[in-house]
Amino acid sequence: MPPEIDRRSLVKAFTASLTGTSLEWYDFAVYSAAAALVFPQLFFPGSDPLTGTLLAFSTYAVGYVSRPLGGFVFGRLGDVIGRKQVLVVTLLLIGVATFLIGLLPTYGTIGVAAPIILVLLRFAQGVGVGGEWGGAVLLSSEFGDPRKRGFWSSAAQVGPPAGNLLSNGVLALLSAVLTDEAFLGWGWRLAFLLSAVLVAFGLWIRLRLEDTPVFRAIKERGEQPAAPIGDVFRTQGRGLLAGVLSRIGPDVTYALFTVFVITYATTVVGMTRGQVLAAILIGSACQLGLIPLAGAVSDRVNRRAVYGAAAAGAAIWPFVFFPAIGSGSTLVLIVGVVVGLALHSFMYGPQAAFITEQFSPRLRYTGSSLAYTIAGVFGGAVAPLAFTALLSAWGTWVPVALYVLVASLLTLGGLALGREPDPAEDETYLVTLGGTAAA
């Protein structure tokens, strides 16, 4: 029989997964907001506002483009030496890079070195994130019942709204208590420096937790792969393609409703920064409950059906959202962002389980990390930049909505390629340890 996992270890694993990805997305959300609000002035002077935003978003994209390197390096290590050890390193890398951004002198102080260092730190963030997500998903899901993987793996998926909630909450508070001059001068730095608190808590949890039962069973049987990257490309190419495509739509949708909406609503509609941040804050708060709910529903119904229905909704919603917020109503903006992020939740909740289920347990860290990071390059990395460029070129929201439509269709294609869950794969390894399966 599979081993019994005590509830305390399961809760620890869930918390460790949640805190790590919350830090990851706190860092990325703070950077995304800063890229729209302050970086153009501080690190890219001499440009018109739109060009400055494009330049800032290009450094935002670096954090995605560098992810595959982290996926290759840390994904491989996660399948060879274990999930826990790799997750400690990635957490430190992300946290230290973010903290240093908060200390970075601006262009006015050190000249061109400032944007260069900013890009390098962003690159380091991306490398850490590339190795973090796959391990965080496995940390929680491999401690739980494989038949409830949708719910347990959603711990890592709650990280984005939790991190977004924290980051935008901090930014909203700073905007409320500081003048624009103070916020631009030093206030934005506080949001980056606070990442040290999440790093400390995350490390404390992860260092006290042993590796997952699945990896311990694989290690006991001596079945760690010697060349996991080659094995994934050679034997599980279809699963990799399904995982990559399944992520593009959710990434693009999330970029629209948490990043680009700040630029669009403030520069085109004429709303204030505080109004937009409040809408994102409310939408992110709703996601805290919706994402694990969606994961649990996908365990009971059908993972691909839940995911696909949300992707279809996400394809249509921008065509409603943009005309609606043109009125300038704060309430309409809030409702529009909440609905957009709710659709994202019902894609994102089942996503971690769907992607990990495309790969055998012994190649799961590598395969999941590669799918996550490669999709990030084609999805979240270029979306804010593409949105801004399309708006600039066409002067209307229609090309932006069409972009989301195409991304959602790619995700539906990935779901069609994917395979159904097979809990017996995990149980085959877990019998090595003996006992009874976790709840």
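In what follows, the accompanying structure is described. (Residues numbered from 1 in each chain as written. Predicted model: local features only at pLDDT ≥ 70, side-chain atom pairs only at ≥ 80, totals over all residues. Heavy atoms only, no water.)

## Describing the overall build of the protein chain
Consideration 1: Of the regular secondary structure elements, the protein chain holds 22 helices and zero strands.
Consideration 2: At 21 Å, the protein chain has a C-alpha radius of gyration in line with the 22 Å of a compact globule built from 439 residues.
Consideration 3: In terms of overall dimensions, the protein chain has a C-alpha envelope of 65 × 45 × 35 Å along the principal axes.
Consideration 4: For the protein chain, the proportion of its 439 residues judged to be buried stands at 60%.
Consideration 5: Of all intrachain contacts in the protein chain linking residues separated by at least 6 positions in sequence, the fraction that spans at least 24 positions is 87%.
Consideration 6: Counting only carbon and sulfur atoms, one obtains 70% of the accessible surface of the protein chain, whose full area is about 15000 Å².
Consideration 7: Of the charged side chains in the protein chain, 27 are positive and 24 negative; the average position of the first set lies 2 Å away from that of the second. (Helix = DSSP H or I, 4+ residues; strand = E, 2+ residues; numbered from the N terminus. Rg over C-alpha atoms; globule rule 2.2 N^0.38 Å. Buried < 20%, exposed > 50% of the residue type's maximum accessible area, 1.4 Å probe, protein only. Contact = heavy atoms within 4.5 Å. Areas by Shrake-Rupley, 256 points an atom, 1.4 Å probe, with all protein chains shown as cover. Lys, Arg positive; Asp, Glu negative; His and termini not counted. Charge placed at Lys NZ, Arg CZ, Asp CG, Glu CD.)

## Describing the packing of aromatic side chains
Consideration 1: The final tally for this structure, using the stated rule, is 20 aromatic pairs.
Consideration 2: When the ring of phenylalanine 39 is compared with that of tryptophan 188, the centres are 5.7 Å apart and the planes differ by 90 degrees; the resulting orientation is edge-to-face. Note that phenylalanine 39 is positioned in helix 2 (residues 39-43) and tryptophan 188 in helix 10 (residues 180-193), a separation of 149 residues in sequence. Taken as a pair, phenylalanine 39 and tryptophan 188 share a single burial class, namely buried.
Consideration 3: Ring geometry for phenylalanine 43 against tryptophan 188: centres 6.2 Å apart, planes inclined by 80 degrees, an arrangement best described as edge-to-face. With a gap of 145 residues between them, phenylalanine 43 in helix 2 and tryptophan 188 in helix 10 connect regions that are remote in the sequence.
Consideration 4: Residue classification places phenylalanine 43 among the buried residues on the basis of a relative accessible area of 1%.
Consideration 5: Judged by its relative accessible area of 2%, tryptophan 188 falls in the buried class.
Consideration 6: A cation over a ring is seen here: arginine 122 above tyrosine 31, with NZ or CZ 3.9 Å from the ring centre.
Consideration 7: Here the basic side chain of arginine 247 rests over the ring of tryptophan 133, its NZ or CZ set 5.7 Å away from the ring centre. (Phe/Tyr/Trp six-rings, centres within 6.5 Å; stacked < 30°, edge-to-face > 60°. Lys NZ or Arg CZ within 6 Å of the ring centre and 35° of its normal.)

## Examining the packing of helix 20 (residues 383-394) against helix 21 (residues 398-417)
Packed helices, taken two at a time, are described by their axes: the angle between them and the distance between them.
Consideration 1: Across the interface, helix 20 lies against helix 21 with an axial gap of 8 Å and an inter-helix angle of 145 degrees. Residues Ala383, Ala386, Phe387, Leu390 and Trp394 of helix 20 touch helix 21, and the partners they reach there are Pro399, Val400, Tyr403 and Val404. (Axes fitted to C-alpha atoms, helices over the stretch in contact; angles between N-to-C directions.)

## Observations regarding the pattern of salt bridges
A pair can form between side chains of opposite charge whenever their charged atoms are brought close.
Consideration 1: Counted by the stated rule, this structure contains 13 salt bridges.
Consideration 2: Across the salt bridge formed by glutamate 132 and arginine 206, the nearest N and O atoms sit 2.6 Å from each other. Of this pair, glutamate 132 sits in helix 7 (residues 113-141) while arginine 206 sits in helix 11 (residues 195-207), and the two are 74 residues apart along the sequence. Per residue, the accessibility class of glutamate 132 equals that of arginine 206, and both read buried.
Consideration 3: In this structure, glutamate 357 and arginine 303 form a salt bridge, with 2.7 Å as the shortest nitrogen-oxygen distance. Of this pair, glutamate 357 sits in the loop between helix 18 (330-356) and helix 19 (364-381) while arginine 303 sits in helix 16 (residues 303-316), and the two are 54 residues apart along the sequence. With respect to class, glutamate 357 is no different from arginine 303; both count as buried.
Consideration 4: Bridged by salt links that share partners, the residues Asp79, Arg83, Glu142 and Arg364 form one connected network. (Salt bridge = Lys/Arg side-chain N within 4 Å of Asp/Glu carboxyl O.)

## Details of a nonpolar patch on the surface
Consideration 1: Side chains of Leu69, Phe72, Val73, Phe123 and Phe233 sit close together on the surface and give an oily, nonpolar patch of about 420 Å² of accessible area.
Consideration 2: Sorting elements by how many residues they give to the nonpolar patch places helix 4 (residues 67-80) first, with three residues.
Consideration 3: Relative to the elements of secondary structure, phenylalanine 233 occurs in helix 13 (residues 228-235).
Consideration 4: A relative accessible area of 44% means that phenylalanine 233 is categorised as partly exposed. (Patch = residues over 30% accessible without salt bridge, like charges linked within 9 Å, V, L, I, M, F, W, Y side chains within 5 Å.)

## Quick look at the side chain of arginine 83
Consideration 1: Tracing the backbone through its elements, the reader meets arginine 83 in helix 5 (residues 83-103).
Consideration 2: Overall, the relative accessible area of 0% leaves arginine 83 in the buried class.
Consideration 3: Each residue touching arginine 83, except ones within four places of it in the same chain, is listed here: Gly78, Leu138, Glu142, Asp211, Thr212, Phe215, Pro361, Arg364 and Tyr365.

## Comments concerning helix 10
Consideration 1: Over its 14 residues, helix 10 extends 19 Å from the first C-alpha to the last, a length consistent with the 20 Å expected when each residue adds 1.5 Å.
Consideration 2: Of all the bends in helix 10, the greatest, near 55 degrees, is centred on tryptophan 186.
Consideration 3: Taken residue by residue, helix 10 has Ala182, Phe183, Gly187, Trp188, Arg189, Ala191 and Phe192 as its buried positions. (Expected span 1.5 Å × (residues − 1). Bend = angle between axes of the 7 residues up to and from the residue.)

## Focus on the environment of valine 261
Consideration 1: Within the secondary structure, valine 261 sits in helix 14 (residues 237-269).
Consideration 2: Residue valine 261 is classed as buried on the basis of its relative accessible area, which comes to 2%.
Consideration 3: Between the C-alpha atoms of valine 261 and phenylalanine 322, which are 61 residues apart in sequence, the distance is 9.6 Å.

## Overview of the side chain of aspartate 27
Consideration 1: Its place among the elements puts aspartate 27 in helix 1 (residues 7-37).
Consideration 2: Here aspartate 27 occupies a buried position and makes no salt bridge, while the nearest side chain of opposite charge, arginine 122, is found at 7.7 Å.
Consideration 3: Polar contacts involving the side chain of aspartate 27 include one to the side chain of threonine 98, which spans 2.7 Å.
Consideration 4: Setting aside chain neighbours within four positions, we find aspartate 27 in contact with Ile94, Gly95, Thr98, Arg122, Gln125 and Ser195. (Polar contact = N/O pair within 3.5 Å; in protein donor to acceptor, adjacent residues only side chain to side chain.)

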